[in-house]
Amino acid sequence: MNAEEQEKWGSTQSQRRPQRADVRDRLLGAAADEFTERGYAAAKLTDIADRAGFTKGAVYSNFESKQALFAELLAKRSLDLAARVLAHISDLDPGAAAGAGGGEIASWVVAEPRWPLLTVEFGVLAGRDPAVAERYRTDRRALRRELERLIAERAHDWGVGEKFDARRLATSLAALISGLAVEHSVDPEDIDEGVIADAVSELFAGAIARAHLD
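Here the structure is a predicted model, which is why all the values come from computation and not from measurement.

**Focus on helix α6 (residues 94–111)**
Then, number 1: Its 18 residues give α6 an end-to-end C-alpha distance of 26 Å, which sits within 8% of 26 Å, the value for a rise of 1.5 Å per residue.
Then, number 2: Among all positions of α6, only Pro94, Ala97, Ala98, Ala100, Gly101, Gly102, Glu104, Ile105, Ala106, Trp108 and Val109 are buried.
Then, number 3: Buried residues belonging to α6 abut α5 (66–88), α7 (114–126), α9 (166–186) and α10 (193–210).
Then, number 4: For α6, the capping residue at the N-terminal end is aspartate 93, with a side-chain oxygen 3.1 Å from the backbone nitrogen of glycine 95.

The structure is reproduced here in structure tokens:
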């Protein structure tokens, strides 16, 4: 093989070899399917790797543990939801934003009920396993801080950043969504999309009232 052929071969191999970001994305996608189908406890890293088309070693070269993989995936889903909701209410006044935000979150809970339930399952395991607890605590704190930041930005846009308790709302919202998701999964007829939307909207409305924005 001459130099030109070697260069072409190396270029071809480089093109065929997935980039690290692509590998992570494929693993996260496979993990999403595995976790939603089996739950956190029953999901296996070997099966996640198989779904993504890699070996188990590829998982460990990108994520330090099953807990780390799940935590990153869950944080991504949660922040995607937060960004979606805040984008939906970005041009609304505070009163209208409360109702619209509640409706957007309710539609997500009903459409993807397994994700909030996975959060609850992870939290229950964290209460029993110190290793899981450390990861859960770290990532949930990070999620609440990011939610707080996003909410504070919205309050700043309304011109009331100093009056709006973004941290309190972020904490209450994360807890409320988890609780409503569990109730909906057990009793979807009684705890339906409308009930969920009303509960979340009332939480937003309370925060708005405390800031004297209504």
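**Side note on a positive patch on the surface**
Then, number 1: A cluster of basic side chains, namely Arg137, Arg141, Arg145 and Arg167, defines a positive patch on the protein surface.
Then, number 2: Of all the elements, helix α8 (residues 130–157) adds the most residues to the positive patch, at three residues.
Then, number 3: Tracing the sequence through the fold places arginine 167 in helix α9.
Then, number 4: Classification of arginine 167 as partly exposed rests on a relative accessible area of 47%.

**Thoughts on the pattern of salt bridges**
Then, number 1: Inspection of the entire model under this criterion finds twelve salt bridges.
Then, number 2: One salt bridge in this structure joins arginine 149 and glutamate 153, with 2.4 Å as the shortest N-O distance. Here the residue arginine 149 and the residue glutamate 153 both occupy positions in helix α8, the gap between them amounting to four residues, near one helical turn.
Then, number 3: Here arginine 149 falls in the partly exposed class, since its relative accessible area comes to 38%.
Then, number 4: Among the charged side chains, a salt-bridge network with shared partners connects Glu34, Glu37, Arg38 and Arg51.

**Describing the side chain of asparagine 62**
Then, number 1: Of note, asparagine 62 is situated in helix α4 (residues 56–62).
Then, number 2: Of note is the side chain of asparagine 62, whose polar atom sits 2.8 Å from the backbone oxygen of alanine 58.
Then, number 3: With sequence-adjacent residues up to four places away left out, asparagine 62 is seen in contact with Arg20, Val23, Arg24 and Leu27.

**What to know about a negative patch on the surface**
Then, number 1: Residues Glu183, Asp187, Glu189, Asp190, Asp192, Glu193, Asp198 and Glu202 make up a contiguous surface patch of negative charge.
Then, number 2: Along the polypeptide, aspartate 187 turns up in the loop between α9 and α10.

**So, the packing of aromatic side chains**
Think of a pair of aromatic rings as described by two things: how far the centres are apart, and how the planes are tilted against each other in angle.
Then, number 1: The full count for this structure, using the stated rule, is six aromatic pairs.
Then, number 2: The side chain of lysine 66 reaches across the aromatic face of tyrosine 40, ending 4.6 Å from its centre.

**Here's the deal with the confidence of the model for the protein**
Then, number 1: Per-chain confidence: the protein averages 84 in pLDDT, with 90% of residues scoring 70 or above.
Then, number 2: Averaged pLDDT values for the elements of the protein fall to 50 in helix α1 (residues 3–16) and rise to 94 in helix α3 (residues 45–52).
Then, number 3: Predicted confidence for residues 11–15 stays below pLDDT 50, and this span has one contact to residues more than four positions away or in other chains.

**Re α9**
Then, number 1: The end-to-end C-alpha distance of α9, which contains 21 residues, comes to 31 Å, matching closely the 30 Å that a straight helix rising 1.5 Å per residue would cover.
Then, number 2: The complete set of buried residues in α9 reads Ala166, Leu169, Ala170, Leu173, Ala174, Ile177, Ser178, Leu180, Ala181 and His184.
Then, number 3: Looking at the buried positions of α9, the neighbouring elements they touch are α5, α6, α7, α8 and α10.

**With respect to the packing of helix α2 (residues 20–38) against α7**
Then, number 1: Close contact between α2 and α7 brings their axes to 10 Å; oriented N to C, the two are set at 75°. Taken together, the axes of α2 and α7 lie roughly perpendicular to each other. Across the interface between the two elements, Ala32, Phe35, Thr36 and Glu37 from α2 touch Arg114, Trp115 and Leu118 from α7.
Then, number 2: Along the lines of polarity and charge, the residues of the contact of α2 with α7 split into four nonpolar, one polar and two charged.

**What to know about the environment of alanine 207**
Then, number 1: Here alanine 207 is to be found in helix α10.
Then, number 2: Expressed as a C-alpha distance, the spacing of alanine 207 and lysine 163, which sit 44 residues apart in the sequence, is 9.9 Å.

**A look at the environment of alanine 43**
Then, number 1: By secondary structure assignment, the location of alanine 43 is in the loop between α2 and α3.
Then, number 2: Those residues in contact with alanine 43 that lie beyond four places of it in its chain are Glu34, Phe35, Arg38 and Lys66.

Calculation rules
- Residues numbered from 1 in each chain as written.
- Predicted model: local features only at pLDDT ≥ 70, side-chain atom pairs only at ≥ 80, totals over all residues.
- Heavy atoms only, no water.
- Helix = DSSP H or I, 4+ residues; strand = E, 2+ residues; numbered from the N terminus.
- Expected span 1.5 Å × (residues − 1).
- Buried < 20%, exposed > 50% of the residue type's maximum accessible area, 1.4 Å probe, protein only.
- Contact = heavy atoms within 4.5 Å.
- Polar contact = N/O pair within 3.5 Å; in protein donor to acceptor, adjacent residues only side chain to side chain.
- Patch = residues over 30% accessible without salt bridge, like charges linked within 9 Å, V, L, I, M, F, W, Y side chains within 5 Å.
- Areas by Shrake-Rupley, 256 points an atom, 1.4 Å probe, with all protein chains shown as cover.
- Salt bridge = Lys/Arg side-chain N within 4 Å of Asp/Glu carboxyl O.
- Lys, Arg positive; Asp, Glu negative; His and termini not counted.
- Charge placed at Lys NZ, Arg CZ, Asp CG, Glu CD.
- Phe/Tyr/Trp six-rings, centres within 6.5 Å; stacked < 30°, edge-to-face > 60°.
- Lys NZ or Arg CZ within 6 Å of the ring centre and 35° of its normal.
- pLDDT = per-residue confidence, 0-100.
- Axes fitted to C-alpha atoms, helices over the stretch in contact; angles between N-to-C directions.
- Parallel < 35°, antiparallel > 145°, perpendicular 65-115°, else oblique.
- Nonpolar A, V, L, I, M, F, W, Y, C, P; charged D, E, K, R; others polar.

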